Every structure is written in structure tokens, then in C-alpha cells.
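Topology and contacts: notes
Here's the letter readout for the chains.
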Amino acid sequence: MQKGEKMRNKSVLVPFIVLLLVGCSEPRIDTSSAQVMEASIEEVRQSLPRDQKTHFDDAVQVLAFSRQNLEEFLEEGVLSILSTREQMKDVLNGKTGREVIQEAERIKRERK
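The structure presented is a predicted model; accordingly, all values stated were derived computationally and were not measured. (Residues numbered from 1 in each chain as written. Predicted model: local features only at pLDDT ≥ 70, side-chain atom pairs only at ≥ 80, totals over all residues. Heavy atoms only, no water.)

Attention now goes to the overall build of the chain. Tallying secondary structure elements over the chain gives 6 helices and 0 strands in all. Helices (α) and strands (β) of the chain occur, in sequence order from the N terminus, as α-α-α-α-α-α. By residue count, 26% of the 112 residues in the chain fall in the buried class. Partitioning the contacts of the chain with sequence separation of at least 6, the portion at a separation of at least 24 is 62%. (Helix = DSSP H or I, 4+ residues; strand = E, 2+ residues; numbered from the N terminus. Buried < 20%, exposed > 50% of the residue type's maximum accessible area, 1.4 Å probe, protein only. Contact = heavy atoms within 4.5 Å.)

A packed helix pair is summarised by two numbers, namely the angle formed by the two axes and the spacing between the axes. It is at 8 Å that the axes of helix α2 (residues 34-47) and helix α3 (residues 50-64) come closest, and there the two elements cross at 145°. Side by side, α2 and α3 meet where Ile41, Val44, Arg45 and Gln46 of the first sit next to Lys53, Phe56 and Asp57 of the second. Counted by class, the contact of α2 with α3 contains 3 nonpolar, 1 polar and 3 charged residues. (Axes fitted to C-alpha atoms, helices over the stretch in contact; angles between N-to-C directions. Nonpolar A, V, L, I, M, F, W, Y, C, P; charged D, E, K, R; others polar.)

Taking 1.5 Å of rise per residue, 15 residues should cover 21 Å, and α3 covers 22 Å from first to last C-alpha, within 8% of that figure. Among the residues making up α3, those that are buried are Lys53, Phe56, Ala59, Val60, Val62, Leu63 and Ala64. (Expected span 1.5 Å × (residues − 1).)

Further remarks concern the pattern of salt bridges. Counted by the stated rule, this structure contains 5 salt bridges. The salt bridge involving Arg45 is made with Asp57; its shortest N-O contact spans 2.8 Å. Of this pair, Arg45 sits in helix α2 while Asp57 sits in helix α3; the two residues are 12 residues apart in sequence, bridging distant segments of the chain. Taking the relative accessible area as the measure of exposure, Arg45 reaches 21% and is therefore partly exposed. The partner of Arg106 in a salt bridge is Glu110, and the shortest N-O contact between them spans 2.4 Å. (Salt bridge = Lys/Arg side-chain N within 4 Å of Asp/Glu carboxyl O.)

Attention now moves to α2. Note: α-helices contain 3.6 residues per turn, so residues at a spacing of three or four share the same orientation. Here α2 spans 20 Å end to end across 14 residues, near enough to the 20 Å set by a 1.5 Å rise per residue. Listed as buried for α2 are Met37, Ser40, Ile41 and Val44. For α2, the buried positions fall inside an angular range of 105° around the axis, keeping them on one side. Turned more than 90 degrees from where α2 packs its buried face, Gln35 and Glu38 sit exposed. (Arc of directions from axis to C-beta.)

A separate point is the environment of Ser66. Note on placement: Ser66 falls in the loop between α3 and α4 (70-76). The class for Ser66 is partly exposed, based on a relative accessible area of 22%. With 21 residues separating them in the primary sequence, Ser66 and Gln87 have C-alpha atoms 8.8 Å apart. In contact with Ser66, other than residues within four places in its own chain, are Val91, Ile107 and Arg111.

Let us look at the side chain of Thr31. Positionally, Thr31 belongs in the loop between α1 (3-24) and α2. On the accessibility criterion, Thr31 (9% relative accessible area) is buried.

Now the structure itself:
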């Protein structure tokens, strides 16, 4: 095999490997809009093994309210709901299902 052939083979192989790795990566939550967030949360949920789905659902709730103060929540009413949604976006954005579950477990440990 000549040097030119080796380079050509590598130039075809590298993009293939990159696509393979990207295709195999875990889906992540995208909070760029309400619809996208809802769809990506469901996509992440569906990517998890059956026994992890309930843990994920609970973890999303823990993270959604992790920065919320109950007293403020009751005082602010509707404004608090909007604030919670924005905080939820910040906390969930870019996380995989496993990362959401791990973060919720960390929060639970800290609260004990």
C-alpha cells in the first residue's frame, strides 16, 4: 500500500468513527424551548432501561424543585411557577438520563 492510499483510507475512516461515536452517545436534554424540552426529556426517558425510568421521572421532579423555596413558592403563586420553569431549564439542560438521576441523588443526600 502506498502512502497516498493510507492517507485516503484514514480520511474516510476518521469521519466514520466520529459519526459512530456521536450516534452511540446518550441523548441529552435540550431546554431551548418548551416543546423541545418536553420532547427531549421523553427521548432521554425512553433511552433508559425500564428499571431506570421511574428513577428518572422522580429525579426530574427533584431537580425541577431543587432551587425552589416552599415559602417563596406559596407567596409568589403564578410568578413562582414561571420561575420554577426557568430554573428547571437551567438545571436540566445538557444532561443525560444518568446525569439527572445522579444529580437528584446528590441533592437528596445533601438534604438529609
